[in-house]
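Tertiary structure, described
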Amino acid sequence: MTILLCPGIYLRCSFSFYLVFNELLIFRANLQDQYFTDRQDRYLHARVCPDLVSYYSNLVGVISELSFHLNSNGDVVFPEGLPRPDVQPDLWKSQARSKLLTFLENEKAATLTSTEQVPSSTWIFPTVQAGPLGIMQDSDITKHILDVYPNGALPDMTLTSPYFNLTSEYQKSLLDTHTKISESSSHEKDIPGTKIIVAAPSASGFYGSKGLSYWIPALYSKSLQNFVSRVTALFANKKTNITFLEYDRKHWTFHAKGLWLFGKSEDVMLTLIGSPNLSNRSVYKDLESQFLLVTRDPALIHQFQKEREEIMSDGKTPNASSWTEKDRQLPFHVSTLYNLIGKKIHVILIK
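Conventions adopted
Residues numbered from 1 in each chain as written. Predicted model: local features only at pLDDT ≥ 70, side-chain atom pairs only at ≥ 80, totals over all residues. Heavy atoms only, no water. Helix = DSSP H or I, 4+ residues; strand = E, 2+ residues; numbered from the N terminus. Contact = heavy atoms within 4.5 Å. Expected span 1.5 Å × (residues − 1). Buried < 20%, exposed > 50% of the residue type's maximum accessible area, 1.4 Å probe, protein only. Phe/Tyr/Trp six-rings, centres within 6.5 Å; stacked < 30°, edge-to-face > 60°. Lys NZ or Arg CZ within 6 Å of the ring centre and 35° of its normal. Pairing = 2+ DSSP bridges. Axes fitted to C-alpha atoms, helices over the stretch in contact; angles between N-to-C directions. Core = buried A, V, L, I, M, F, W, Y, C linked by side-chain atoms within 4.5 Å. Salt bridge = Lys/Arg side-chain N within 4 Å of Asp/Glu carboxyl O.

A word on the environment of Phe17. If you trace the backbone, Phe17 turns up in strand β3 (residues 16–20). With 297 residues separating them in the primary sequence, Phe17 and Asp314 have C-alpha atoms 26 Å apart. Setting aside residues up to four positions removed in sequence, Phe17 forms contacts with Leu25, Ile26, Phe27, Tyr56 and Val60.

This part covers helix α4 (residues 168–184). Taking 1.5 Å per residue as the helical rise, α4 with its 17 residues ought to reach 24 Å, and the 24 Å between its terminal C-alpha atoms agrees with that figure. Within α4, the full set of buried residues consists of Tyr170, Gln171, Ser173, Leu174, Leu175, Thr177, His178, Thr179, Ile181 and Ser182. The secondary structure elements touched by the buried residues of α4 are α3 (137–148), β11 (156–160), β12 (193–199), α5 (216–234), β13 (242–247) and α6 (280–284).

A word on the packing of aromatic side chains. Counting across every chain of the model gives 12 aromatic pairs. Counting every residue linked through ring pairs, the aromatic cluster contains Phe15, Phe17, Tyr55, Tyr56, Phe103 and Phe291. Here the basic side chain of Arg249 rests over the ring of Trp252, its NZ or CZ set 3.8 Å away from the ring centre.

Strands in a sheet are paired, the pairing made by backbone hydrogen bonds, and the direction either parallel or antiparallel. Within the open sheet, the 3 strands sit side by side as β3-β4-β6. Their pairing is antiparallel. One side of each edge strand has no neighbouring strand; the edge strands of this open sheet are β3 and β6 (44–46). Strand-to-strand twist across the sheet, computed as the mean angle between neighbouring axes with direction ignored, equals 15 degrees. Note that β3 and strand β4 (residues 23–27) share 5 bridges and pair antiparallel. Bridge pairing in β4 places Ser16 opposite Phe27.

Within the largest apolar cluster, 44 residues are counted, with the highest numbers of intra-cluster contacts made by Leu44, Tyr56, Leu59, Phe254 and Phe291. The contact partners of Leu59, leaving out residues within four places of it in the chain, are Phe15, Leu100, Phe103 and Val128. Residues Leu154, Ile196, Val283 and Leu292 belong to the second largest nonpolar core, which totals 29 residues.

Applying the stated criterion to the full structure yields 13 salt bridges. One salt bridge in this structure joins Lys195 and Asp156, with 3.2 Å as the shortest N-O distance. Residue Lys195 is found in strand β12, and its partner Asp156 is found in strand β11; the two are separated by 39 residues along the sequence. The partly exposed category is assigned to Lys195, whose relative accessible area is 22%. Between Arg328 and Glu325 there is a salt bridge; the shortest N-O distance is 3.1 Å. Take Arg328: its relative accessible area is 8%, and that puts it in the buried class.

This is how it looks when you write it as structure tokens:
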């Protein structure tokens, strides 16, 4: 057995999946006990999908070429014939980018050839993000969705992230879209809605941890508070339909990530499911992957509706008094650091 060690200083591998024959399970869970007992996450099991399995098998092959290997003897080695990232980082990044781009182009060509003859009610488009290498496939797609939706065809959008720290680009896209909707809608009932689900401080995986990471739940609460205040100020005299929920199930933690978009007639929906957090780190630091799934299958649409509803059932709307709770208070030195370097503090503290 060989274990791959992605060079985290240069590109932190953040996605998780299992491949078994022609089946694939994508998620963002680590193999820790709590992920199987009391941690809310999202999983998608794709069956009899040889093209999708081939895609991720080939992706693992590319990552393997770029990673250190931990062999059965406990030795850490790097593949011969390639620059080591700790010795020649610039050359490694250049070759890593080239290999990943070649992989994406080859998969695109293979997909265009195979799907021309395959009618289906459900489509899955895998995405890859490698910000340090300038590969922004996932963030480009996510930003496009936030630029265009919600709208008349898909008016019901829900975003979820356990670590709420939307990039400035995502924030701008979301707020600009809702501003246009508000200005063009004559009745509040006609305004498409966006729900944002995050972890309450007590539902954070870092709740009660030691050292500086102890303050991570409060930092994300501060990030949410700032965004809620921005939304409130922006739409003080306008109609909008952006609502916030904090997952708060007793003794459970929250790790669900992604997006749901449902059609008005409930005959079509879109979801993003995988590893990205919609945050600066996901966009600019990590190696990420997720599915963009579009379906008209009624049974599958119902399953995703049920998934979202079950998550939302443990959600509570934060209010003015929420921000004064003890779990959300930051000491002076952490608060000062947050105010000085803002979003970068999340990159520093999140392991």
